[in-house]
Amino acid sequence: MNYSKQDLLALNDFYSSQLLNDTVPFWFPRSYDHEYGGFLLMRDADGSLLDDDKAVWIQGRATWLLSTLYNTVEQKPEWLEGAKLGYEFLNSHCFDSDGRMFFHVTREGKPLRKRRYYFSETFYVIAAAAYAKASGDAEAAANARRVFGDCLAYASGEKRLEPKFTDTRPAKGIGVPMIMLNTAQQLRDTIGDERCDEWITKWIEEIETFFVKDDIRCVMEQVGPDGSIINHIDGRTLNPGHAIEGAWFILHEAKYRNNDPHLVDLGCRMLDYMWERGWDKEFGGILYFRDVYNKPVQEYWQDMKFWWPHNETIIATLLAYLTTGNEKYAQWHRMVHDWAYRHFHDPHRGEWFGYLHQDGRLAQTAKGNLFKGPFHLPRQEWYCAKILSEHFSVNQGSGSTHAAHV
């Protein structure tokens, strides 16, 4: 199939409307915690509160979202005020005395859990950077750059974190170069940092060199230090949605670099490989875990459908189509878009459910918890509307429907 100009205009309208009239209103303003700061985001289908604890990842992500909406959609005072609630809560309650960040705190901000990785810090960076752009707060910009520097030190090994495991079976995961790649892209796109371009190139090279396996058409989640496949359960486990998220980060970088052909090819290969492995040919949707050799997967939720891999696949397939004009990606985008909005979306109360059984039946009703909040879905709707708008702006008057033809 192909997308006509009218199809793409309709998608642009759809994503914009869903974002502003369905997704964002489910969360805000009811999630603003004016008493203690930050956001109350652990919510059931009807928006009622399930728990008043606060996940630091989601506090940062929500701050990023509100700041980004203010920066790119409309300068609504309530969005900026909400972003300030999140930014100030992160600064006041989410850093430990050693400079590291917590993962899970109480409503008041008392620490509950801290993890041996620095993903909370990466979400702080994108939140502080977006907030700095929205507010003009120079201290927020300095904080974003400072914590980004800490993340660079952790990623490079200059600062060592306590290991989770022994070094008996050393491994490296795709998560670090992926999240650092996107963190640097967000920092560069909001307030800028001279370190970003060099490190973005290095992380893309790391992903391509170690994790992309062209011979078996796969993107590994974990490999040995030399890039070899670790033939044990954890080493063989794939997360197709995660790799597809990495694919669109690389396609985004290709777009930033005037459709760099090598990066377009790399991002599309990653998408192709993991669509082949992740798309459920029986029921539709993206399967959560697969084994690289098609052996049984250990985790019992391996065949469930989680919300976020579908958000990432909707972005990746649309971006691949707008970049290449390849009709295959239009077909894949329509397949995942239709399946996801038919099964995850709650048309009565807004937003998406998070967890489905393999056949698309609802597994539980929560829309917010320690891992799900206002991020993957609104980011998908915001980003898809953004790239469609940019596509029409670039192609205005050209008669082309593909960015690759410009």
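Turning next to the overall build of the protein. The number of helices and strands found in the protein is 13 helices and 14 strands. Relative to the 2.2 N^0.38 estimate, which gives 22 Å for 406 residues, the radius of gyration of the protein is 20 Å and therefore close to what a compact globule would have. Across its three principal directions, the C-alpha atoms of the protein cover 55 × 50 × 45 Å. Within the protein, the fraction of its 406 residues that count as buried is 58%. A separation threshold of at least 6 residues defines the contact pool for the protein, and within that pool the share at least 24 residues apart is 66%.

The subject of this paragraph is helix 7 (residues 196-211). The first and last C-alpha atoms of helix 7 sit 22 Å apart over 16 residues, in line with the 22 Å expected at 1.5 Å per residue. Those residues of helix 7 that sit buried are Cys196, Ile200, Trp203, Ile204, Ile207 and Phe211. The buried residues of helix 7 occupy an angular sector of 100° when the element is viewed end-on, so they sit on one face.

As a further point, take the sheet that holds strand 5 (residues 111-113). Ordered by their spatial adjacency, three strands build an open sheet running 3-4-5, and the pairing between neighbours is antiparallel. Two strands lie at the open edges of the sheet, namely strand 3 (54-55) and strand 5, each paired on one side alone. Bridge analysis of strand 3 against strand 4 (residues 104-105) gives two bridges, and the strand direction is antiparallel. Residue pairing in the sheet places Ala55 in a bridge with His104 of strand 4.

The next thing to look at is the environment of His348. Mapped onto the elements of the fold, His348 is located in the loop between helix 12 (327-343) and strand 13 (355-356). When its relative accessible area of 74% is taken as the criterion, His348 is described as exposed.

So, about the side chain of His376. Relative to the assigned elements, His376 resides in helix 13 (residues 376-395). In terms of polar contacts, His376 uses its side chain to reach the side chain of Glu312, at 2.6 Å.

This part takes up the pattern of salt bridges. If you walk through the whole model with that rule in mind, you get 31 salt bridges. Between Arg269 and Glu208 there is a salt bridge; the shortest N-O distance is 3.8 Å. In this pair, Arg269 is assigned in helix 10 (residues 261-278) and Glu208 in helix 7, connecting sequence segments 61 residues apart. The salt bridge partner of Glu351 is Lys372, with a shortest N-O separation of 3.0 Å. Residue Glu351 is found in the loop between helix 12 and strand 13, and its partner Lys372 is found in the loop between strand 14 (362-364) and helix 13; the two are separated by 21 residues along the sequence. Accessibility assignment for this pair places Glu351 and Lys372 in one class, buried.

Okay, the sheet that holds strand 12 (residues 305-306) next. The strand order 12-13-14 describes an open sheet built from three strands, whose pairing is antiparallel. The open sheet has two edge strands with one neighbour each: strand 12 and strand 14. Sheet topology places strand 12 next to strand 13; two bridges connect them, and they run antiparallel. Residue pairing in the sheet places Lys305 in a bridge with Leu356 of strand 13.

Attention shifts here to the packing of helix 5 (residues 138-156) against helix 7. Direction vectors running N to C along helix 5 and helix 7 enclose 30°, while the axes themselves pass 13 Å from each other. Classified by the angle their axes make, helix 5 and helix 7 are roughly parallel. Like other packed secondary-structure pairs, helix 5 and helix 7 cross with a definite hand, here left-handed. For the pair formed by helix 5 and helix 7, the contact residues are Phe148, Leu152 and Ser156 on the first element and Cys196, Trp199 and Trp203 on the second. A per-class count over the contact of helix 5 with helix 7 returns five nonpolar, one polar and no charged.

A few words now on unusual backbone geometry. The amide bond that connects Phe28 to the next residue, Pro29, takes the cis arrangement and shows omega of 15°. Tracing the backbone shows Pro29 in the loop between helix 1 (5-27) and strand 1 (42-43). Although it is not a glycine, Asn258 adopts a positive phi angle of roughly 60°. On the basis of relative accessibility, which here comes to 72%, the residue Asn258 falls in the exposed class.

The next subject is the nonpolar core. Tyr15, Phe28 and Phe148 are the most contacted members of the largest nonpolar core, which totals 132 residues. Per element, the largest residue contribution to this core is twelve residues, and it comes from helix 4 (residues 119-135). In this view, Phe28 contacts Phe39, Ala62, Leu65, Leu66 and Pro374; residues no more than four positions away in its chain are not counted.

This model, assessed by the stated rule, comprises zero disulfides. The cysteine Cys151 is free of any disulfide, with Cys196 supplying the nearest cysteine sulfur at 12 Å. Classification of Cys151 by relative accessible area gives buried; the value is 0%.

Next up on the list: the packing of helix 9 (residues 240-256) against helix 13. The description of two helices packed together rests on the angle between their axes and the distance between the axes. Relative orientation of the contacting elements helix 9 and helix 13 amounts to 30°, with a least axis distance of 14 Å. By the angle class used here, helix 9 and helix 13 are roughly parallel. In terms of crossing hand, the pair formed by helix 9 and helix 13 is left-handed. Contacts from Glu245, Trp248, Phe249, His252 and Lys255 in helix 9 reach His376, Arg379, Tyr383, Ile387 and Glu390 in helix 13. Taken together, the residues of the contact of helix 9 with helix 13 sort by class into four nonpolar, two polar and four charged.

Conventions adopted
- Residues numbered from 1 in each chain as written.
- Predicted model: local features only at pLDDT ≥ 70, side-chain atom pairs only at ≥ 80, totals over all residues.
- Heavy atoms only, no water.
- Helix = DSSP H or I, 4+ residues; strand = E, 2+ residues; numbered from the N terminus.
- Rg over C-alpha atoms; globule rule 2.2 N^0.38 Å.
- Buried < 20%, exposed > 50% of the residue type's maximum accessible area, 1.4 Å probe, protein only.
- Contact = heavy atoms within 4.5 Å.
- Expected span 1.5 Å × (residues − 1).
- Arc of directions from axis to C-beta.
- Pairing = 2+ DSSP bridges.
- Polar contact = N/O pair within 3.5 Å; in protein donor to acceptor, adjacent residues only side chain to side chain.
- Salt bridge = Lys/Arg side-chain N within 4 Å of Asp/Glu carboxyl O.
- Axes fitted to C-alpha atoms, helices over the stretch in contact; angles between N-to-C directions.
- Parallel < 35°, antiparallel > 145°, perpendicular 65-115°, else oblique.
- Left-handed = near helix turned anticlockwise from the far one by under 90°.
- Nonpolar A, V, L, I, M, F, W, Y, C, P; charged D, E, K, R; others polar.
- Core = buried A, V, L, I, M, F, W, Y, C linked by side-chain atoms within 4.5 Å.
- Disulfide = S-S within 2.5 Å.

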